[in-house]
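Spelled out, the chains give:
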Amino acid sequence: MTMLTILQTIEVAAAYLAVTLLLPWALLRRRMTGIRLPARFMACFMIGNFYCMNLVYLLQLLHISCRLTLFLGTLAPFIAVAAFQWKASLGARLERRLEQLRQVSEGQLGRRTLMLRLGRRLGRMSSGWLGEWLAPRWPEALLAAGTVALILYIYGTNTVNVYGYCASDMVLHNYWINHMENNNIFVDGVYPFGFHCMIYYLHEVFAIPVYVLLRVFALPQTLMIHLMLLAFLRLLCKARYTPYIGVMAYVASGVFYQYTYYRYYAALPQEYGMLFILPAAWFAIAFLREKDFARKRNLILFAIAISMTLTVHFYDTIVAGLLCLGIGVGFVFRCLRWRYLKGLMLAGIAGILIAVLPMAAAYAMGKPLQGSLYWGMNMLSSGGGEAGEGGVEEKGGSGEDGKKETGGTQDSGKKAPQGGGLAEKLQKGVVCVLEELKYYVTNDSMDAARFMLGSVGAVLALGVLWLLLRRPDYGGALLSVGVFMGVLCILQASAKLGLPQLLEVSRYSVYIGYGIPIIWGLGLDAVLYLLFGEKRAIDAGAVAALAAACAAVALTGVRRPAYLSAYESNDAIICLTNILHESGGEGSWTICSANDEQQMTWGRGYHYELIEFLRKQEEVKEQPVITIPTDTVYFFVEKVPLLYLDYLNTIRPSREVSLEGAETPLPKVKGILPYIGEQRWVTMSHMYYWARAFRELYPNEMEVYYETDAFVCYRIRQDAYNLYNFALDYGYNK
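Please read these numbers as outputs of a predicted model, since none were measured by experiment. (Residues numbered from 1 in each chain as written. Predicted model: local features only at pLDDT ≥ 70, side-chain atom pairs only at ≥ 80, totals over all residues. Heavy atoms only, no water.)

Caption draft 1: Structural view of the overall build of the protein chain. Counting its secondary structure elements, the protein chain contains 29 helices and 5 strands. Split into buried and exposed, the 734 residues of the protein chain put 53% on the buried side. Total accessible area on the protein chain stands at roughly 32,400 Å², and carbon and sulfur atoms take up 61% of it. (Helix = DSSP H or I, 4+ residues; strand = E, 2+ residues; numbered from the N terminus. Buried < 20%, exposed > 50% of the residue type's maximum accessible area, 1.4 Å probe, protein only. Areas by Shrake-Rupley, 256 points an atom, 1.4 Å probe, with all protein chains shown as cover.)

This is the structure:
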């Protein structure tokens, strides 16, 4: 299964990057000459995601979304550009391409010959402009490759070893995406659906199962999040190698608390939306730096990026807005000019309107708002609440580390002491901010909290210094990032400072953790730029600083790859994968389990809720017949029940099913509550002893399909015209 997961991850990454990077580059490469490579990377990525999301929105609202329409919609820009560029020669070019296809199909042109021609063309490219481009940049290329390898190691280890969903919301997102196959977008109400549109696009166009995408997409997504961070720093920094300092420290350092990065282990909309925050900031900065006002390209890309933050998750839009506020302060000398301010305001409003338009259209067509939007608005107004998006509980498990996931510290209800003079109030406010940074962002290290907050202050001071040295573009960027991070740090402590709570308090730490490497990388770059100016020695200084940063990380503690506790066991995923592979679309089968395999097997098989099956067993005397009308029935039983919602592995499951659990009455609660904590142990104990009793009656028919020390799957094959009666008094029917 590990090798299969690796291959699936490569497949998903290749499909995603092909439509979001390769196709936009192939279409627009001639129009992006003169743009720096990191900005070109951002632009292609923005355009690719934007087009795919809105193509799905359009086809879904028209109720004509399918593989054919998505494929034609993907090709439409290429056809339009080709028709415009080639004009009269279009027919001749198409004729040549069709002739080549005919030769291949009829065997006149072998596939090997075709591949050889393609290989020669790629060889000429690699030995031509690609080789010339890489020649002076090989040290940076090696650093970039090393950074990618480090990210894949830190986050990919969990992907290839933990097969289930690593967040409770994933089942709900799976459900929403499944219904898009029936052109039923917003099945649970209107909600930012950009993430779901992209997953649905990859599923429909490349025929990748949705549950596979949701299992492994987190790794390509997380890789791109970090590459966006690297590209943003590369565009702002003067030295070549200082961007790698911040990214390396963020990925490898053990000073960050797990909550700042553990959500990267699951494919979640909020983290997907983080892909578009820094591009929005860069294109705003690039517009303010632009001297040729006739070129509006940066404004268009800024609008696209802002649009996608709201299309994916409103939290990302709030953070992008705070970053734009910081840019407004850093470039106040230009934002006070109406022509600059007007351009940014119009582009931002246009981006918001583009994002809202599909949701407004669905709402006008009768779709209600989804409950998470009300939850989000309540969060904005109250700052409280413990439920996650979609109404799913997000509190951590018990144990020493679980305390941080409850959304507040042990004394979070206490506000900072009031009274005293202005200096005393500022001092108390700084202490309050440091306490919250220590609790939410660092591993309970006040020294690390002081260093982070001090770094923000240093970047602000360096920004002012560079403005005084008449480097407004560079100083403005430093000041923008410093103001943004300062505001985030203050808002992290807003509950104690009596300020408005824009986000759930623990969510700030995700964005603060993501912003700290910008502070570190850009701050060191500003110091080196101050020491060496534009001389080549600045790169030598950056190499020395990178080496020093690596040594500091090694001394303060290196982060090890985390293993999150999935919401479905590896054994269950292995069984599910084998069942889907073996069925091949033939026959009918049912899985009776605790977890929601129903969404994973959408359109392929049936699912019977385990707790409902057991509750029917309690009614054996009144209803002595329980049948499941499929050719095959699988029963998933956990001998060592999962600790559901303990995603940080604070407690290792060790309590096995037992007679004590079977003698305990079944939980009477609804939803997922029968599968949490003690109640899951009771539910699985009942199921284990029912299965054992049924197998004693039918030892040959009820076979063990898969078994480990912690899990067993039973399989029963039956005649559709002579079904087994699964009703059984197994001794613990209460």
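Caption draft 2: Molecular detail of helix α23 (residues 508-532). Counted at 1.5 Å a residue, the expected span for α23 with its 25 residues is 36 Å, and the 36 Å between its end C-alpha atoms agrees. The buried count for α23 comes to 20 of 25 residues, which makes it a mostly enclosed element. (Expected span 1.5 Å × (residues − 1).)

Caption draft 3: Region of interest: the side chain of Arg 615. Checked against the element boundaries, Arg 615 lands in helix α27 (residues 610-617). Residue classification places Arg 615 among the buried residues on the basis of a relative accessible area of 18%. Within the structure, Arg 615 has its side chain in polar contact with the backbone oxygen of Pro 667 (distance 2.8 Å). (Polar contact = N/O pair within 3.5 Å; in protein donor to acceptor, adjacent residues only side chain to side chain.)

Caption draft 4: Inspection of the pairing of strand β1 (residues 589-593) at higher detail. Most of β1 sits out of view: 5 of its 5 residues are buried. Here β1 pairs with strand β3 (residues 632-638) via 4 bridges, running parallel. Residue pairing in the sheet places Trp 589 in a bridge with Thr 632 of β3. Of the pairings in the sheet, the one linking β1 to strand β2 (residues 606-609) comprises 4 bridges and is parallel in character. In the sheet register, Cys 592 faces β2, and the bridge partner there is Tyr 608. (Pairing = 2+ DSSP bridges.)

Caption draft 5: Inspection of the sheet that holds β3 at higher detail. Taken in spatial order, the 5 strands make up an open sheet running β2-β1-β3-β5-β4, and their pairing is mixed. Strands at the two margins of the open sheet, each flanked by one partner only, are β2 and β4 (702-707). For this sheet the average axis-to-axis angle between neighbouring strands, irrespective of direction, equals 25 degrees. By the bridge criterion, 7 bridges tie β3 to strand β5 (residues 711-717) in an arrangement that is antiparallel. Counterpart to Phe 635 in the pairing with β5 is Tyr 714. Sitting on the sheet, helix α25 (residues 570-583) touches β1, β3, β4 and β5, and the angle it makes with β4 is about 120 degrees. Each of β1, β3, β4 and β5 is contacted by helix α29 (residues 678-697), which is oriented at about 130 degrees to β3, the strand it contacts most. (Axes fitted to C-alpha atoms, helices over the stretch in contact; angles between N-to-C directions. Contact = heavy atoms within 4.5 Å.)

Caption draft 6: Structural context of the environment of Phe 45. Structurally, the position occupied by Phe 45 is in helix α2 (residues 37-61). According to the relative accessible area criterion, Phe 45 is buried, its value standing at 0%. Along the backbone, Phe 45 and Met 224 are 179 residues apart, and their C-alpha atoms lie at a distance of 9.6 Å.

Caption draft 7: Geometry of a positive patch on the surface. Together, Lys 296, Arg 337, Arg 339 and Lys 342 give the surface a local cluster of positive charge. Within the element layout of this structure, Arg 339 appears in helix α17 (residues 338-364). On the basis of relative accessibility, which here comes to 46%, the residue Arg 339 falls in the partly exposed class. (Patch = residues over 30% accessible without salt bridge, like charges linked within 9 Å, V, L, I, M, F, W, Y side chains within 5 Å. Salt bridge = Lys/Arg side-chain N within 4 Å of Asp/Glu carboxyl O. Lys, Arg positive; Asp, Glu negative; His and termini not counted. Charge placed at Lys NZ, Arg CZ, Asp CG, Glu CD.)

Caption draft 8: How the structure looks around helix α7 (residues 170-180). Judged by how many residues are buried, α7 sits mostly within the fold: 9 of 11 residues are covered. Taken as a whole, α7 has its buried residues at Met 170, Leu 172, His 173, Asn 174, Trp 176, Ile 177, Asn 178, His 179 and Met 180.

Caption draft 9: Summary view of the packing of aromatic side chains. Throughout the structure, instances matching the rule amount to 42 aromatic pairs. Seen in terms of ring centroids, Trp 690 and Phe 726 are 6.3 Å apart; in terms of plane orientation they differ by 50 degrees. Their pairing is tilted. Here Trp 690, found in helix α29, pairs with Phe 726, found in the segment after β5; they are 36 residues apart in sequence, far enough to count as distant. The same class applies to Trp 690 as to Phe 726, namely buried. Through successive ring pairs, a cluster of aromatic residues spans Tyr 608, Phe 613, Phe 635, Trp 690, Phe 694, Tyr 698, Tyr 724 and Phe 726. Seen from the ring of Trp 25, Arg 29 lies directly overhead, with NZ or CZ sitting 5.6 Å from the centre. Lying across the ring of Tyr 261, Arg 559 places its NZ or CZ 3.6 Å from the centre. (Phe/Tyr/Trp six-rings, centres within 6.5 Å; stacked < 30°, edge-to-face > 60°. Lys NZ or Arg CZ within 6 Å of the ring centre and 35° of its normal.)

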